[in-house]
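One letter stands for each residue in the lines below.
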Amino acid sequence: MRNVLLCCFLAAAINLNAQQRLTVAPSSGQTMEIRYDTAGSPVPSTVDGAWQAIVSYHGKNAVVKTDTLVLKPLKAKHVYAGVLQVPSNAVAFAVAVQKGPATDDNYGNGFLFPLTENGRAVPYSWYSLAMLKQGMYALKKDQQQSLAYMKKEVANNPAAFREFRQPYFNMLVNSPEPADKAMLINLLLEDKDAGETDLTMAQKYLSFLGRKQSADSIANILTTQYPSGIYVRETAMDAVKKETDWTHKQRLFREFINRFPEQSGATQSYEYLSLYQLMALAAAKAGAREEAEKYIQRLQRNADKVNVYTQIASNMQTIDPELARGYIDKALAGIDTSRNFNGLEVYKLAAGLYAGTDTQLARKFSDIVAFHTTAPKVADISEQAIKAQLLNEKVGALSLNDINGNRVDIGKLKGKIVVLDFWATWCKPCIASFPAMQQVMARRPEVVFLYICTFEKNDVVKLVKNFAADHPFPFTYLVDEQLGEQAAYKAFSHYKVTSVPYKVIIDQEGNIRFRTNGFDGNNEELIKELDMMIRILQ
């Protein structure tokens, strides 16, 4: 049986008024009673609606369930209560109290609770809360509180220390307290079971902390014991990047690539991608145009090639405008407008480069920039204008697998508002919109958000899993299915999507009520627009 730790243990997590305002105590089995004293609430008493608790249950690294609980009045004046049914796979949970459009989330700090079993915090409960205080789910970021929770996890769950040591070490190295840095140094030097990965990490931390002798000692061990390992490879790559003489830089690159060739058939890693980009830029600066092109062609993704062509053109625009126009022409030719417009900076630069030589072309490029930058701002759009976009499209049931192989039937989500966010790992605007989407999710935990990865090739599941590992968003990722050999995808076609990023908002009856596409980088506008659409459907 798992119980909530008594609130007296949460003094570091929530202030005294918050503790008095919201309390949770064991009821029976997996149930917990939550009590909320409205007398201390920041929600105005004049706000209409029922008091509700929005509860998100957290596993080690993700939300496992979200519930909306109606709180009922008790005999005690101003006090409302309800009973939670805690999922067996939860390790902690967060609560916000809502009445109508107003929310009490403890002034952005959240009401946070670990779970216990037999009087002891369950493994990863404090770790989960530490991650929440890193600013996830729109909570205020509090590094010192996060570190305090992580220290509790280390003490409570030493068997899993190696699993979460890197975020713990990052917290220690960034702490303003000298004692925390001293603790980190001791942990690094006392690790008797360190393998190559652990030693490489230790060398970097010790070097950063100014412990040169210890860092050099570990570097010698890594060089001797792992001559083709991570540290040696990264050191050789850094030497290539830091070299300023073009002739020497080419020689170092050839030596590096012969010793550490890029793995064929795999998705290009960021290290090799950035190395090729840097070499291309250096070659162009040295006037070695053919060499620059060879490095650019090593890039796997067309969008990365466009980026390098644009950077070279930007660097050359005052030195050799004609040469810069040649590179910007290559960038323009590489922009993929069939799925998503992502070339605004390219067109801006092209307009300037052609302004003195081809007025017609310059005007064309300026018009494209204007078209994509003068759309009405959401901040200026009224609720009436959003309502004017309302649709009522019937749509059939559809199911897809998530990245863990579980089948998700979207048609069975009737009764809830559903937001489908179509995206791709190659789509920069999609990924740029995710922090704002995370904030909308935090505001609207009663809504189901599904992130459908579409128009991908190769091993889509692996691509998305790698993305999820590098970007800890609390998202449910679904994988779109390619229709045979056709350049078509199941969900993309079913919901009549035209580009990515693209969102489909479905009401409680399963009908499509809103469609929205694109992202111009304005988080506030995206949050306002989507939040307003959801509110209209409630």
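Here, the structure is the one placed above.
Nothing here was measured: the structure is a model prediction, and the numbers come from that model.

Brief notes about the overall build of the chain
Phase 1: Helices and strands together make up the secondary structure of the chain, namely 21 helices and 18 strands.
Phase 2: Principal-axis analysis of the C-alpha atoms gives the chain an extent of 80 × 65 × 45 Å.
Phase 3: Expressed as a percentage of its 538 residues, the buried residues of the chain come to 47%.
Phase 4: Expressed as a percentage of contacts within the chain between residues at least 6 apart in sequence, the contacts between residues at least 24 apart total 62%.
Phase 5: With the model as given, the accessible surface of the chain reaches about 26,900 Å², and the carbon-plus-sulfur share is 50%.
Phase 6: Where the 61 positive side-chain charges of the chain centre and where its 56 negative ones centre are 3 Å apart.

Things to note about the pairing of strand β8 (residues 92-99)
A regular strand places its side chains so that they alternate between the two faces of the sheet.
Phase 1: Within β8, eight of the eight residues are buried, which leaves it mostly tucked inside the rest of the structure.
Phase 2: Here β8 shows no split at all, with A92, A94, A96 and Q98 on one side and F93, V95, V97 and K99 on the other all buried.
Phase 3: The sheet contact formed by strand β4 (residues 51-58) and β8 spans eight bridges and is antiparallel. In the sheet register, S56 faces β8, and the bridge partner there is A94.
Phase 4: Pairing analysis gives three bridges linking β8 to strand β9 (residues 102-104), with the strands arranged antiparallel. Counted as the bridge partner of Q98 is T103 from β9.

Details of the pattern of salt bridges
Phase 1: Scanning the entire structure with this criterion turns up 23 salt bridges.
Phase 2: With a closest N to O distance of 3.5 Å, K294 and E291 form a salt bridge. Residue K294 and its partner E291 are located together in helix α11 (residues 289-297), separated by three residues, close to a single helical turn.
Phase 3: For K294, a relative accessible area of 52% puts it in the exposed group.
Phase 4: The class of E291 is partly exposed, set by a relative accessible area of 25%.
Phase 5: With its nearest N and O atoms 3.7 Å apart, the salt bridge here joins E481 to K490.
Phase 6: The exposure class of E481 is partly exposed, given its relative accessible area of 27%.
Phase 7: One network of salt bridges, with partners in common, ties together R162, R165, D191 and D198.

Digging into the state of the cysteines
Working definition of a disulfide: a covalent bond connecting the sulfur atoms of two cysteines.
Phase 1: Counted under the stated rule, the structure contains one disulfide.
Phase 2: Paired by a disulfide, C427 and C430 hold their sulfur atoms 2.3 Å apart. Residues C427 and C430 share a disulfide whose torsion about the S-S bond is about 80°; that sign makes it right-handed. The residues C427 and C430 share a single accessibility class, namely buried.

Considering the packing of helix α12 (residues 302-316) against helix α14 (residues 344-353)
Phase 1: Contact pair α12 / α14: the axes reach a minimum separation of 11 Å and the direction vectors enclose 35°. Helix-helix and strand crossings are classified by hand; for α12 and α14 the assignment is left-handed. Where α12 abuts α14, its residues V306, T310, A313 and S314 lie against V346, L349 and L353.
Phase 2: Considering only residue class, the contact of α12 with α14 consists of five nonpolar, two polar and no charged.

What about the packing of aromatic side chains?
Phase 1: Taken as a whole, this structure holds 36 aromatic pairs when the rule is applied.
Phase 2: Ring centres of F473 and F475 lie 5.1 Å apart, and the angle between their planes is 10°; this geometry places the pair in the stacked category.
Phase 3: Judged by its relative accessible area of 19%, F473 is buried.
Phase 4: Here F475 falls in the buried class, since its relative accessible area comes to 10%.
Phase 5: Aromatic rings pair up to connect Y124, Y127, F161, F164, Y168, F169 and Y205 into one cluster.
Phase 6: In this structure, K60 packs its charged tip against the face of Y124, placed 4.7 Å from the ring centre.

A word on the side chain of E456
Phase 1: Tracing the backbone through its elements, the reader meets E456 in the loop between β15 (448-453) and α19 (460-470).
Phase 2: Of the polar contacts made by the side chain of E456, one reaches the backbone nitrogen of T425; its length is 2.5 Å.
Phase 3: If we skip the residues at most four places from it in the chain, E456 touches A424, T425, W426, L463 and Y489.

Brief notes about the nonpolar core
Phase 1: Counting 108 residues, the largest nonpolar core has L22, I34, F93, V95 and I328 as its most contacted members.
Phase 2: Look past the residues within four positions of I328 in its chain and what remains in contact with it is T310, A313, V346, L349, A350, L353 and Y354.
Phase 3: Core analysis: the next-biggest nonpolar cluster, separate from the first, contains 57 residues, V447, V448, C453 and F492 among them.

Points about the sheet that holds strand β17 (residues 502-506)
Phase 1: Pairing is mixed across the open sheet formed by seven strands, whose spatial order is β13-β12-β16-β15-β14-β17-β18. The strands lining the two open edges of the sheet, one partner per strand, are β13 (407-409) and β18 (512-517). Across this sheet, the average inter-strand angle for adjacent strands is 30°, counted without regard to direction.
Phase 2: Sheet topology places strand β12 (residues 399-402) next to strand β16 (residues 477-479); two bridges connect them, and they run antiparallel. Bridged to N401 within β16 is V479.
Phase 3: Docked against the sheet, α19 engages β14 (418-423), β15 and β16, running at close to 165° with respect to β16.

Calculation criteria
Residues numbered from 1 in each chain as written. Predicted model: local features only at pLDDT ≥ 70, side-chain atom pairs only at ≥ 80, totals over all residues. Heavy atoms only, no water. Helix = DSSP H or I, 4+ residues; strand = E, 2+ residues; numbered from the N terminus. Buried < 20%, exposed > 50% of the residue type's maximum accessible area, 1.4 Å probe, protein only. Contact = heavy atoms within 4.5 Å. Areas by Shrake-Rupley, 256 points an atom, 1.4 Å probe, with all protein chains shown as cover. Lys, Arg positive; Asp, Glu negative; His and termini not counted. Charge placed at Lys NZ, Arg CZ, Asp CG, Glu CD. Pairing = 2+ DSSP bridges. Salt bridge = Lys/Arg side-chain N within 4 Å of Asp/Glu carboxyl O. Disulfide = S-S within 2.5 Å. Axes fitted to C-alpha atoms, helices over the stretch in contact; angles between N-to-C directions. Left-handed = near helix turned anticlockwise from the far one by under 90°. Nonpolar A, V, L, I, M, F, W, Y, C, P; charged D, E, K, R; others polar. Phe/Tyr/Trp six-rings, centres within 6.5 Å; stacked < 30°, edge-to-face > 60°. Lys NZ or Arg CZ within 6 Å of the ring centre and 35° of its normal. Polar contact = N/O pair within 3.5 Å; in protein donor to acceptor, adjacent residues only side chain to side chain. Core = buried A, V, L, I, M, F, W, Y, C linked by side-chain atoms within 4.5 Å.

So yeah, pure geometry; function would need other evidence.
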